[in-house]
Amino acid sequence: MRDAEPDSILGTLHFRGKGMLLAEPGHIRAILEHLRGKGYRSLVSVHGVDYYPEEPRLGVHYELLSMETVDRLTVKLRVHTEDPVVDSVTPDWPTADFQEREVYDMFGVEFRGHPDLRRILMPDDYEGHPQRRDFPVGGEPVLFTVNESRGEDYTQ
């Protein structure tokens, strides 16, 4: 891949018998297509990561599987929160459809060219991305109606 696109792979790591590639976000479709030709024909998962407080902060991880060699390979990329846009791999890998939607919903990474990029877990009018590490922790107080008749207040 580096021969065809010298800037497409930013780094490599081999840890505990598993390989990892750090990819340039603009080349992700070409990288995954190249790896498909090398036997990694199954895209097992796509998931998001927040590396807060580091920058680029948001990450997308692609887990590939080669059934011939029974080998897994992780391809990672990172984008800044100011412009969290990555090309969608759904046109080439249909299994990425709902997984990219989940990363969009939970982390705010937009997938350019996705056929139906909208929230999948949170309501459409929800503001924010709950899996980001700076998302406020807490919630709405839960009122238990069984305690109302006793005059007890457990919301404080």
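Use the structure listed above.
Colleague: Any chance you could break down the packing of aromatic side chains for me, citing the residues and the numbers?
Modeller: Following the criterion strictly, the structure yields 1 aromatic pair and no others. Stacked on the ring of Tyr 51, the Lys or Arg Arg 78 has its end atom at 3.8 Å from the ring centre.

Colleague: Tell me about the environment of Asp 105, residues and numbers included.
Modeller: By the secondary structure assignment, Asp 105 is in helix H2 (residues 97-107). Assessed through its relative accessible area of 0%, Asp 105 is described here as buried. Once the C-alpha coordinates of Asp 105 and Gly 128 are considered, the two residues, 23 residues apart in sequence, prove to be 8.5 Å apart. When neighbours within four sequence positions are excluded, Asp 105 is seen to be in contact with Arg 119, Ile 120, Leu 121, Met 122, Gly 128, His 129 and Pro 130. Among the polar contacts listed, one links the side chain of Asp 105 to the backbone nitrogen of Met 122, at a separation of 2.8 Å.

Colleague: Talk me through the sheet that holds strand S2 (residues 18-23); I want residue IDs and the actual numbers.
Modeller: Strand-to-strand pairing in sheets goes through backbone hydrogen bonds, with the strands running parallel or antiparallel. Taking strand neighbours across the sheet as the criterion, the 5 strands line up as S1-S2-S5-S4-S3 in an open arrangement whose pairing is mixed. Strand pairing shows two members of the sheet lacking a second neighbour, strand S1 (9-15) and strand S3 (42-50), which therefore form its edges. For this sheet, the mean angle separating the axes of adjacent strands, direction not counted, is 20 degrees. As paired elements, S2 and strand S5 (residues 71-79) share 4 bridges and run parallel to each other. What sits directly across from Met 20, in S5, is Thr 74.

Colleague: Residue-level account of the side chain of His 61, with values.
Modeller: The residue His 61 is located in strand S4 (residues 58-66) in this model. Looking at His 61, its side chain comes within polar contact range of the side chain of Tyr 51, at 2.9 Å. When residues no more than four places from it in sequence are discounted, the contact partners of His 61 are Ser 45, Val 46, His 47, Val 49, Tyr 51, Val 75 and Lys 76.

Colleague: Could you give an account of unusual backbone geometry, with specific residues and numbers?
Modeller: Following Tyr 52, the chain continues into Pro 53 via a peptide bond in cis, with omega recorded as 10 degrees. Its place among the elements puts Pro 53 in the loop between S3 and S4. Here Glu 55 and Pro 56 are connected by a cis peptide whose omega angle stands at -10 degrees. Tracing the sequence through the fold places Pro 56 in the loop between S3 and S4.

Colleague: Account for the pattern of salt bridges, naming residues and giving values.
Modeller: One pass over the full model with this rule turns up 10 salt bridges. For the salt bridge of Glu 68 with Arg 41, the shortest nitrogen-to-oxygen distance reads 2.9 Å. In this pair, Glu 68 sits in the loop between S4 and S5 while Arg 41 sits in the loop between helix H1 (28-37) and S3, placing the two residues 27 residues apart along the sequence. Comparing Glu 68 with Arg 41 shows no difference in burial state: the two are exposed. The partner of Glu 54 in a salt bridge is Arg 78, with the nearest N and O atoms 3.1 Å apart. One end of the pair, Glu 54, is in the loop between S3 and S4; the other, Arg 78, is in strand S5, with 24 residues separating them in the sequence. Overall, the relative accessible area of 44% leaves Glu 54 in the partly exposed class. For Arg 78, a relative accessible area of 22% puts it in the partly exposed group.

Rules and cut-offs
Residues numbered from 1 in each chain as written. Predicted model: local features only at pLDDT ≥ 70, side-chain atom pairs only at ≥ 80, totals over all residues. Heavy atoms only, no water. Phe/Tyr/Trp six-rings, centres within 6.5 Å; stacked < 30°, edge-to-face > 60°. Lys NZ or Arg CZ within 6 Å of the ring centre and 35° of its normal. Helix = DSSP H or I, 4+ residues; strand = E, 2+ residues; numbered from the N terminus. Buried < 20%, exposed > 50% of the residue type's maximum accessible area, 1.4 Å probe, protein only. Contact = heavy atoms within 4.5 Å. Polar contact = N/O pair within 3.5 Å; in protein donor to acceptor, adjacent residues only side chain to side chain. Pairing = 2+ DSSP bridges. Axes fitted to C-alpha atoms, helices over the stretch in contact; angles between N-to-C directions. Salt bridge = Lys/Arg side-chain N within 4 Å of Asp/Glu carboxyl O.

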